[in-house]
Amino acid sequence: MKKIKVGIVGTGFIGPAHIEALRRLPNVEVAALCEVTVELAKQKAEALGIERYYTFEDLLKQEDIESVHICTPNFLHYSQSKAALLAGKHVVCEKPLAKDLHEAEELVELAAKTGLVNAVHFNLRYYPLARQMKTMREKGDLGEIYSIMGSYLQDWLFYDTDYNWRLEPDKSGDSRAIADIGSHLMDILEYITGLKTTAVMADFNTVHKTRKKPLKPVETYSGKMLQPEDYADVNITTEDHANVLLRFDNGNRGVITVSQVQAGRKNRMTLEISGSKQTFNWCSETPNEMWIGNRDKSNEVLLRDPSLAYAEARQLMTFPGGHNEGFPDTSKQLFKEVYEAVAAGKQPEKPTFPTFADGYRELLICEKILESNKKQAWVEV
Ligand code: SOE
């Protein structure tokens, strides 16, 4: 079978996750990677068992590389996705698609003009029970949606000495927690419910207004190790925590909370969707079960089990029976759909995977959330 050769752009945290997922697909070969310097690219290529390594510019010159995954910090997503599309490469870009709406709009238009496959790594849509909730809603099992409560909680930036490039506005953009994990939450809410967010009321908080020097050397985005003594205390304006009230196009309401300073919550997205027939509750830290709340009969726990799920969810289940599905499996399932399109050589008419247009939609909501927080007022989407 002819394998599609893929290049990985950036190998910090999520790049290796893309590589692992891609290596599980029979029609794909992770043939190359690039990093901010050739030296760093060589080092990462050896560590990851990939033969070819380049600078970004040289990677795009490789004729045999058909697609690239943009896994660099947010501020590079636009320029690198644009360059890759212009070089004739299909593109899978990490969320958020860009730092602002204008960049995202240009990418959507350019991708449409080239006809190249374009996708955004909203991988949490691919937990089987997230797909089950969407399908149950589509089949009417939920009824009219009364309210939505969502949260996405982490603690990896809990201490004021925790460092990451996301703390640097020039790398992350004007928002941090909302742009980084709120993006997943706002995407999956509309994906599962089919509702459109029509207005937002946001309230951000920066718990650690000063971030102190890291306790140990940390790797910066450029691969350079940051020694604690090199790091001066920095004032932080981007949000550690945010509450956002939501209004939807069916006239009903919702609320989300995102935090990256929630001790004990590692990577925990929770959704509670209340409908006129039932309530659904699902959590990404226990992704293989969902709670179904009933008014006139006992509540239920639905397990991730092919024999209990709709076909749309069953197709995301790697193994029969109750074998658990995890975070890495979601990327594999997303990329499986993407590379069916790449094998066909163009973006499908009706993509089943999240596209640049979905990335634009999520960024639109994120920008309105930022505007609302700044104005401390309701803002229409
Ligand atoms: C950090 O918050 C992070 O790596 C996000 O950037 C990812 O999108 C999320 O899937 C896991 O946490």
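Q: Would you mind showing me how to read the packing of aromatic side chains here?
A: Both the distance between ring centres and the angle between the ring planes are used here to describe each pair of aromatic rings. The final tally for this structure, using the stated rule, is three aromatic pairs. Ring centres of Phe158 and Tyr159 lie 5.0 Å apart, and the angle between their planes is 70 degrees; on these two criteria the pair is classed as edge-to-face. Accessibility expressed as a relative area gives 31% for Phe158, which makes it partly exposed. For Tyr159, a relative accessible area of 53% translates into the label exposed. Judged by centre distance (5.6 Å) and plane angle (80 degrees), the rings of Tyr163 and Tyr231 are edge-to-face. Highlighted residues: Tyr163 in the loop between strand 7 (145-153) and helix 7 (169-172) and Tyr231 in the loop between strand 11 (225-226) and strand 12 (234-235), separated in sequence by 68 residues. Like Tyr231, Tyr163 is buried. The ring of Tyr126 carries Arg131 above its face, with NZ or CZ at 4.9 Å from the centroid. Here Lys134 stacks its cationic end above the ring of Tyr191, 5.0 Å away from the centre of that ring.

Q: Explain the sheet that holds strand 5 (residues 90-93) here, please?
A: Across a sheet, paired strands are connected by hydrogen bonds in the backbone, their directions being either parallel or antiparallel. Across the sheet, six strands lie side by side as 3-2-1-4-5-6; this open sheet has parallel pairing. A strand with exactly one partner marks an edge of an open sheet, and here the two such strands are strand 3 (52-54) and strand 6 (118-120). Each neighbouring strand pair of the sheet contributes to a mean axis angle of 25 degrees, computed without reference to strand direction. As paired strands, strand 2 (residues 28-34) and strand 3 are joined by three bridges and run parallel to one another. Considered in strand 3, the bridge of Cys34 is made with Tyr54.

Q: How should the nonpolar core be read in this particular structure?
A: Side chains that are nonpolar tend, in soluble globular proteins, to be buried together. Leu271, Met290 and Ile369 are the most contacted members of the largest nonpolar core, which totals 42 residues. Counting residues in hydrophobic clusters, the runner-up holds 29 residues, among them Phe56, Ile65, Val91 and Leu107.

Q: Looking at this model, I keep getting lost on the site of the ligand. Mind explaining?
A: Every residue lining the ligand is accounted for by Phe13, Lys95, Tyr152, Gln154, Trp156, Arg166, Asp180, Ile181, His184, Gln260, Asn267 and Phe327. Separating an oxygen atom of the ligand from a side-chain N or O atom of Arg166 is a distance of 3.1 Å. For the ligand, whose unbound accessible area comes to 310 Å², protein coverage reaches 91%. Looking at the shell around the ligand residue by residue, the classes come out as five nonpolar, four polar and three charged.

Q: Which parts of the structure should I look at to understand the UniProt feature "domain: GFO/IDH/MocA-like oxidoreductase" (unreviewed entry) in the protein?
A: When the UniProt feature table is mapped to this numbering, "domain: GFO/IDH/MocA-like oxidoreductase" (unreviewed entry) covers residues 131-280. A helix fraction of 19% and a strand fraction of 34% characterise residues 131-280, whose end C-alpha atoms lie 12 Å from each other.

Q: I'm lost on the pattern of salt bridges in this one. Help?
A: Any two side chains of opposite charge can pair, so long as their charged atoms come close to each other. What the rule picks out here adds up to 27 salt bridges. A salt bridge links Arg24 to Asp329; its shortest N-O distance comes to 2.9 Å. With a gap of 305 residues between them, Arg24 in the loop between helix 1 (14-22) and strand 2 and Asp329 in helix 10 (residues 327-344) connect regions that are remote in the sequence. Residue Arg24 is classed as partly exposed on the basis of its relative accessible area, which comes to 36%. In this structure Asp329 comes out as buried when scored by relative accessible area, which is 13%. The partner of Asp296 in a salt bridge is Arg295, with the nearest N and O atoms 3.2 Å apart. Among the residues examined, Arg295 registers a relative accessible area of 74% and is labelled exposed. In this structure, a network of salt bridges that share partners links the residues Lys5, Arg52 and Asp64.

Q: So what exactly am I meant to see when it comes to the state of the cysteines here?
A: Note on terminology: a disulfide is the covalent bond linking the sulfur atoms of two cysteines. On inspection of all chains with the given rule, the structure shows zero disulfides. Its sulfur unpaired, Cys93 is 8.3 Å from the next cysteine sulfur, which belongs to Cys71.

Q: Sorry, what's going on with helix 6 (residues 128-138) here?
A: Since the α-helix packs 3.6 residues into each turn, any two residues three or four apart lie on the same face. Burial within helix 6 is extensive, with nine of its 11 residues counted as buried. Of the positions making up helix 6, those classed as buried are Pro128, Leu129, Ala130, Arg131, Gln132, Met133, Lys134, Thr135 and Met136. Immediately beyond the C-terminal end of helix 6, within one or two residues, lies Gly140, with a positive phi of roughly 90 degrees.

Q: Even after reading the chapter, I still don't get the packing of helix 5 (residues 101-114) against helix 11 (residues 356-375), so can you show me in this structure?
A: Axis angle and axis distance: for two packed helices, these are the angle between their axes and the distance between the axes, and together they describe the pair. The contact between helix 5 and helix 11 brings their axes to 9 Å, and the two run at 165 degrees. It follows from the interaxial angle that helix 5 and helix 11 lie roughly antiparallel. Along this stretch, helix 5 crosses helix 11, giving a crossing that reads as left-handed. Contacts between helix 5 and helix 11 involve Leu101, Ala104, Glu105, Leu107, Val108 and Ala111 from the former and Phe356, Ala357, Tyr360, Leu363, Leu364 and Glu367 from the latter.

Q: Would you mind going over the UniProt feature "domain: Gfo/Idh/MocA-like oxidoreductase N-terminal" (unreviewed entry) in the protein with me for this structure?
A: The feature "domain: Gfo/Idh/MocA-like oxidoreductase N-terminal" (unreviewed entry), as annotated in UniProt, sits at residues 4-120 in this numbering. Strand forms 23% of residues 4-120 and helix 42%; the C-alpha atoms that close the span are 19 Å apart.

Q: What exactly am I supposed to notice about the pairing of strand 1 (residues 4-9) here?
A: Most of strand 1 is tucked away: five of the six residues are buried. One ladder, built from six bridges, connects strand 1 with strand 2; its direction is parallel. Among the inter-strand pairings, Lys5 is bridged to a residue of strand 2, identified as Glu29. As a crossover connection, the stretch from strand 1 through helix 1 into strand 2 is right-handed.

Q: Can you walk me through the domain arrangement of the protein in this structure?
A: Frequently, the measure chosen for interface size is the accessible area removed from exposure when the parts meet. Taken as a whole, the protein is organised into domain 1 (4-124 + 335-355) and domain 2 (128-325). Measuring from the centre of the C-alpha atoms in domain 1 to the corresponding centre in domain 2 gives 24 Å. Residue-level contacts link 16 residues of domain 1 with 22 residues of domain 2. Interface area for domain 1 against domain 2, summed over the two sides, is near 1,600 Å², with a carbon-plus-sulfur share of 58%. The interface formed by domain 1 and domain 2 contains three salt bridges. The salt bridge partner of Lys44 is Glu219, with a shortest N-O separation of 3.5 Å. One can count four residue pairs in polar contact (both at pLDDT 80 or more) joining domain 1 with domain 2.

What counts and how
Residues numbered from 1 in each chain as written. Predicted model: local features only at pLDDT ≥ 70, side-chain atom pairs only at ≥ 80, totals over all residues. Heavy atoms only, no water. Phe/Tyr/Trp six-rings, centres within 6.5 Å; stacked < 30°, edge-to-face > 60°. Buried < 20%, exposed > 50% of the residue type's maximum accessible area, 1.4 Å probe, protein only. Helix = DSSP H or I, 4+ residues; strand = E, 2+ residues; numbered from the N terminus. Lys NZ or Arg CZ within 6 Å of the ring centre and 35° of its normal. Pairing = 2+ DSSP bridges. Axes fitted to C-alpha atoms, helices over the stretch in contact; angles between N-to-C directions. Core = buried A, V, L, I, M, F, W, Y, C linked by side-chain atoms within 4.5 Å. Near = heavy atom within 4 Å. Polar contact = N/O pair within 3.5 Å; in protein donor to acceptor, adjacent residues only side chain to side chain. Areas by Shrake-Rupley, 256 points an atom, 1.4 Å probe, with all protein chains shown as cover. Nonpolar A, V, L, I, M, F, W, Y, C, P; charged D, E, K, R; others polar. UniProt positions renumbered as here; feature names shortened; annotations may be inferred. Salt bridge = Lys/Arg side-chain N within 4 Å of Asp/Glu carboxyl O. Disulfide = S-S within 2.5 Å. Parallel < 35°, antiparallel > 145°, perpendicular 65-115°, else oblique. Left-handed = near helix turned anticlockwise from the far one by under 90°. Contact = heavy atoms within 4.5 Å. Right-handed = clockwise from strand over helix to strand, strands pointing away. Domains from an automatic or database assignment. Buried area = accessible area lost by both parts, 1.4 Å probe.

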